[in-house]
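# Geometric and topological summary
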Amino acid sequence: MNKRAFVKNTAAMTVTSLILRTLGIVFRIFISNRVGAEGMGLYQLVFSVYVLGTTFASAGLTTAVTCLVTAALARKDRQSIRRIMRLSLILSVGIGALTAVILYLGAPLIGVLMGDLRTIPALRISGVALPFIGCSSCIKGYFAARRRAGPPCVSQILEQVVRIGGILMLLGAAGDTCSLAEACLIILIGDALSETVAFLYLSICYRLDWRQCRLSLTLPKTRRPLLRPLLGIAMPLTAGRYLATILRTVENVLVPARLTLFTGSAALSLAQYGAVKGMALPLVFFPSAFLMTVSGLLIPELADAHALGQRKQVARLTALTMRMTVAGGILIGCFFTVLGDALGQYLYNDRTVGLCLQILGPLTPIMYMDSVASGMLKGLGEQVRSLWYGVADSIVRILLILVLLPRYGIAGFLFVMLLSNLLTAFLSTHRLLTVSDCRLRWGRWIGLPALIAVGVGSMGRMAATHLPVGLPAMALIGSGMLLVYMVLILMFRCFTKEDLQLLKKKRQPV
């Protein structure tokens with residue numbers, strides 16, 4: 001891909017990520033205010049099974065389609081491209097339909113296993129969109145091979161807009177007497193509608209693009225076998241993703257059930273689970289959209305430098321990305337620690353969410369570093385190892401949930417999150433430092449930004465006690481913390497002019 005196309009695609013994906021995260025957090029705030037913490041917990045239960053279904057429906061075909069179509073484009077093989085798309089779409093429809101039938105027939109059993117029969121109607125409807133999700137993943141793989149990020153990005157935004165608009169209309173039509181089970185069903189209907197619209201849009205884009213693409217291609221005399229190569233790429237990826245998603249689904253189902261053994265109330269346990277997973281965590285990860293945008297710009301350059309054997313460049317890019325992630329995560333964590341209570345009260349009208357935000361604040365840089373390190377490992381060809389780190393983490397989390405939650409309740413769950421993020425962040429970061437030949441400088445990268453954050457947080461806490469609670473006050477305090485933190489970070493040379501030059505510098509050929 002040429003430099004101009006790369007920048008264009010990266011910019012499109014960056015803007016899309018920011019828009020989607022903003023729409024997502026606004027949507028969750030509205031839904032939580034409509035159904036409460038218990039309703040969010042109920043939705044999270046159904047959503048965990050829905051995610052498992054979408055994983056089965058896509059079946060790793062996106063990557064397989066991208067690889068095979070890219071190879072066919074290089075050969076200018078029009079016939080193979082059409083056969084690849086036809087075969088992958090047939091497989092997606094078949095797998096998606098089979099998964100949908102299993103969800104529909106197995107919904108009562110799944111509801112019993114999750115300990116809440118209110119999930120059954122939503123579980124039954126959740127499979128409707130799975131064939132469309134599978135087909136959309138194949139078309140996105142085609143556009144990735146064509147180096148066109150526009151249609152997939154627009155489809156994601158369209159999907160989110162239709163989801164939010166459809167759910168708002170349906171909830172409005174249902175009225176205030178709508179039960180939690182009905183509200184959860186309506187949300188899944190909105191999801192199915194949005195996925196269908198996104199598929200229709202992608203299908204139109206695919207047809208238009210194919211008409212232009214085929215003019216430059218030829219018809220070869222021989223037909224290449226496609227099923228074995230397609231499954232050969234998809235199945236190893238699929239097996240790992242299936243295992244990781246199944247373990248994460250088991251974890252999500254276990255949490256409310258084990259909390260109930262501590263609280264003695266299924267409704268209270270579901271509310272606590274919804275407050276953490278459905279309300280607090282999405283808010284914690286929302287600012288990461290801005291941080292991950294900058295880090296994401298460096299990851300493709302890291303992959304290029306690794307492919308070309310530029311070891312020093314790999315080490316420098318790794319160091320810069322890690323420092324930016326840690327420094328940004330520490331500031332964001334400081335913000336949640338200082339203003340989490342006021343933020344939870346203002347957005348969700350729930351002090352439990354505010355308390356969770358304050359507790360999760362110090363965890364924020366660890367969670368961000370785990371996400372970025374996993375992405376960088378994939379850029380360095382360490383996808384399999386990163387996947388197995390996630391599987392090991394899920395197993396540890398499940399064992400701790402079984403042991404700790406019945407004895408310590410939601411405090412035990414927060415401790416599990418702490419231990420889990422420390423484990424995966426350590427494994428991913430250690431491997432990243434090893435394969436990139438990058439040396440970790442504790443003082444400059446972690447110690448100094450943390451000390452600065454303590455001072456800035458103390459100033460923010462004092463300011464919060466003298467200002468009325470509200471959005472203007474939080475915005476003023478947050479802006480002041482950001483300004484002082486950035487000035488001190490630059491003053492103490494946590495980042496230098498060489499770092500800025502590295503961001504601007506174009507990769508040089510070997």
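Residues numbered from 1 in each chain as written. Predicted model: local features only at pLDDT ≥ 70, side-chain atom pairs only at ≥ 80, totals over all residues. Heavy atoms only, no water.

## A look at the overall build of the chain
Just so we agree on the cut-off: Here a strand is any run of E in DSSP of at least two residues, a helix any run of H or I of at least four, and the numbering for each starts at the N terminus. Classification of residues uses two cut-offs on accessible area relative to the type maximum, computed with a 1.4 Å probe and protein chains only: under 20% is buried, over 50% is exposed, and between them is partly exposed. Residue contacts follow a heavy-atom distance rule, with two residues in contact if any of their heavy atoms lie within 4.5 Å. Computed by Shrake-Rupley with a 1.4 Å probe, the accessible areas treat only the displayed protein chains as cover when residues are assessed.
Along the backbone of the chain there are 18 helices and zero strands. The proportion of buried residues among the 510 residues of the chain is 50%. In the chain, of all internal contacts separated by at least 6 residues, the share reaching a separation of at least 24 is 82%. Accessible area of the chain: about 23,800 Å², with a carbon and sulfur share of 69%.

## Some points on the pattern of salt bridges
Spelled out, the test is: In what follows, salt bridge is the name for a side-chain nitrogen of Lys or Arg lying within 4 Å of a carboxyl oxygen of Asp or Glu.
Throughout the structure, instances matching the rule amount to 13 salt bridges. Across the pair glutamate 159 and arginine 163 runs a salt bridge, and its minimum N-O distance is 3.1 Å. Placement of the pair is glutamate 159 and arginine 163 together in helix α6 (residues 150-174), with a separation of four residues, close to one helical turn. By the burial criterion, glutamate 159 is buried, and arginine 163 matches it. Of the charged contacts, one joins arginine 248 and glutamate 251 as a salt bridge, the two residues approaching to 3.2 Å between their closest N and O atoms. Residue arginine 248 and its partner glutamate 251 are both found in helix α8 (residues 227-263); the two are separated by three residues, about one turn of the helix. Judged by relative accessible area, which is 33%, arginine 248 ranks as partly exposed.

## Here we look at a positive patch on the surface
Using the following cut-off: The patch calculation keeps residues exceeding 30% relative accessible area without a salt bridge and links them within 9 Å when they carry like charges or within 5 Å when they are nonpolar (Val, Leu, Ile, Met, Phe, Trp, Tyr). Only four residue types enter the charge count: Lys and Arg as positive, Asp and Glu as negative, with His and the chain ends excluded. Just so you know, the charge point we use is NZ for Lys, CZ for Arg, CG for Asp and CD for Glu.
On the surface, Arg82, Arg86, Arg207, Arg211 and Arg214 cluster together into a patch of positive charge. When contributions to the positive patch are tallied by element, the ones reaching two or more residues are α3 (78-114) and α7 (180-213). With respect to the helices and strands, the residue arginine 214 is situated in the loop between α7 and α8. Assessed through its relative accessible area of 34%, arginine 214 is described here as partly exposed.

## Topic: helix α11 (residues 311-348)
Keep this limit in mind: Multiplying 1.5 Å by the helix residue count minus one yields the expected span of that helix. The angle between axes fitted to the seven-residue stretch ending at a residue and the seven-residue stretch beginning at it gives the bend at that residue.
Over its 38 residues, α11 runs only 48 Å from end to end, short of the ideal 56 Å by more than 12%, given 1.5 Å per residue. The sharpest bend along α11 measures roughly 70 degrees and falls at leucine 339.

## Concerning the nonpolar core
Our working rule: Among buried residues, those of type Ala, Val, Leu, Ile, Met, Phe, Trp, Tyr and Cys that are joined through side-chain atoms within 4.5 Å constitute a nonpolar core.
Formed by 109 residues in total, the largest nonpolar core has its most connected members in Ile31, Leu283, Tyr348, Leu357, Leu360 and Tyr485. For tyrosine 485, the contacting residues outside a window of four places in its chain are Ala327, Ile330, Leu331, Pro449, Ile452, Ala453 and Val456. Membership of the second largest hydrophobic core comes to 25 residues, among which are Ile139, Cys205, Tyr206 and Leu226.

## Quick notes on the confidence of the model for the chain
Put simply, the test is: Values of pLDDT, ranging from 0 to 100, describe the predictor's confidence in every residue of the model.
Overall, the prediction assigns the chain a mean pLDDT of 84, with 89% of residues at 70 or greater. Element-level mean pLDDT values for the chain span from 62 in helix α18 (residues 497-504) up to 92 in α7.

## Brief notes about the packing of aromatic side chains
In plain terms, the rule: In this scheme Phe, Tyr and Trp rings, the latter by its six-membered ring, pair at centre separations within 6.5 Å, and the angle between planes marks the pair as stacked below 30 degrees, edge-to-face above 60, and tilted otherwise. Throughout this description, the term charge over a ring refers to an Arg CZ or Lys NZ atom that lies within 6 Å of the ring centre and within 35 degrees of the ring normal.
With the rule as written, the count across this model stands at eight aromatic pairs. Consider the rings of tyrosine 43 and phenylalanine 47, whose centres lie 5.6 Å apart with planes at 35 degrees: the pair is tilted. Highlighted residues: tyrosine 43 and phenylalanine 47, both in helix α1 (residues 3-58), separated by four residues, approximately one helical turn. Residue phenylalanine 47 is classed as partly exposed on the basis of its relative accessible area of 27%. Summarising the aromatic geometry, the rings of phenylalanine 56 and tyrosine 242 are spaced 4.0 Å apart at their centres and angled 20 degrees between planes, so their arrangement reads as stacked. Linking phenylalanine 56 in helix α1 with tyrosine 242 in helix α8, this pair joins segments that are 186 residues apart in sequence. Among the aromatic residues, those joined into a ring-pair cluster are Tyr43, Phe47 and Tyr50. The side chain of arginine 124 reaches across the aromatic face of tyrosine 104, ending 5.3 Å from its centre.

## Points about the environment of leucine 103
Within the fold, leucine 103 resides in helix α3. Judged by its relative accessible area of 6%, leucine 103 falls in the buried class. Linking leucine 103 and tyrosine 50, residues 53 residues apart in sequence, is a C-alpha distance of 9.0 Å. Ignoring any residue separated from it by four or fewer positions in sequence, one finds leucine 103 in contact with Val49, Ile110, Leu123, Ser126, Gly127 and Leu130.

## Things to note about the packing of helix α2 (residues 61-75) against helix α5 (residues 130-145)
Applicable threshold: Note on definitions: angles span 0 to 180 degrees between N-to-C directions of axes, and those axes are lines fitted to C-alpha atoms, for helices only across the stretch in contact. We call a crossing left-handed when the near helix sits turned anticlockwise from the far one by less than a right angle, and right-handed when that turn is clockwise.
Where α2 meets α5, the axes come as close as 7 Å, and the angle between the chain directions of the two elements is 40 degrees. The handedness of the crossing between α2 and α5 comes out as right-handed. Taking contact as the criterion, the partners of Leu61, Thr62, Val65, Thr66, Val69, Thr70 and Leu73 in α2 are, on α5, Ser137, Cys138, Gly141, Tyr142, Ala144 and Ala145.

## Notes on the state of the cysteines
Note the following rule: Two cysteine sulfurs form what is called a disulfide whenever their separation falls within 2.5 Å.
By the definition in use, this model includes zero disulfides. Summary of cysteine pairing: cysteine 135 is not part of a disulfide, and the nearest cysteine sulfur, belonging to cysteine 138, is at 6.3 Å. Of the residues examined, cysteine 135 reaches a relative accessible area of 6% and is grouped as buried.

## Some words on the environment of methionine 376
Within the secondary structure, methionine 376 is located in helix α13 (residues 364-379). Here the alpha-carbon distance between methionine 376 and leucine 432, two residues 56 residues apart in the chain, equals 7.4 Å.

## Some thoughts on unusual backbone geometry
Positive phi, close to 60 degrees, is recorded for lysine 76, a residue that is not glycine. As for its position among the elements, lysine 76 is in the loop between α2 and α3. What makes lysine 76 partly exposed here is its relative accessible area of 43%. With a phi angle near 55 degrees, asparagine 349 is a residue other than glycine that sits in the positive phi range. If you trace the backbone, asparagine 349 turns up in the loop between α11 and α12 (351-360).

## Observations concerning the packing of helix α9 (residues 266-285) against helix α15 (residues 410-436)
To be explicit about the condition: When residues are sorted by character, Ala, Val, Leu, Ile, Met, Phe, Trp, Tyr, Cys and Pro go into the nonpolar class, Asp, Glu, Lys and Arg into the charged class, and all the rest, Gly among them, into the polar class.
Axis separation between α9 and α15 bottoms out at 10 Å; the angle between their running directions is 40 degrees. For the element pair α9 and α15, the recorded crossing hand is right-handed. Judged by residue contacts, Gln272, Val276, Lys277 and Leu281 of α9 engage Ile410, Phe413, Leu414 and Met417 from α15. Looking at side-chain class alone, the contact of α9 with α15 contains six nonpolar, one polar and one charged residues.

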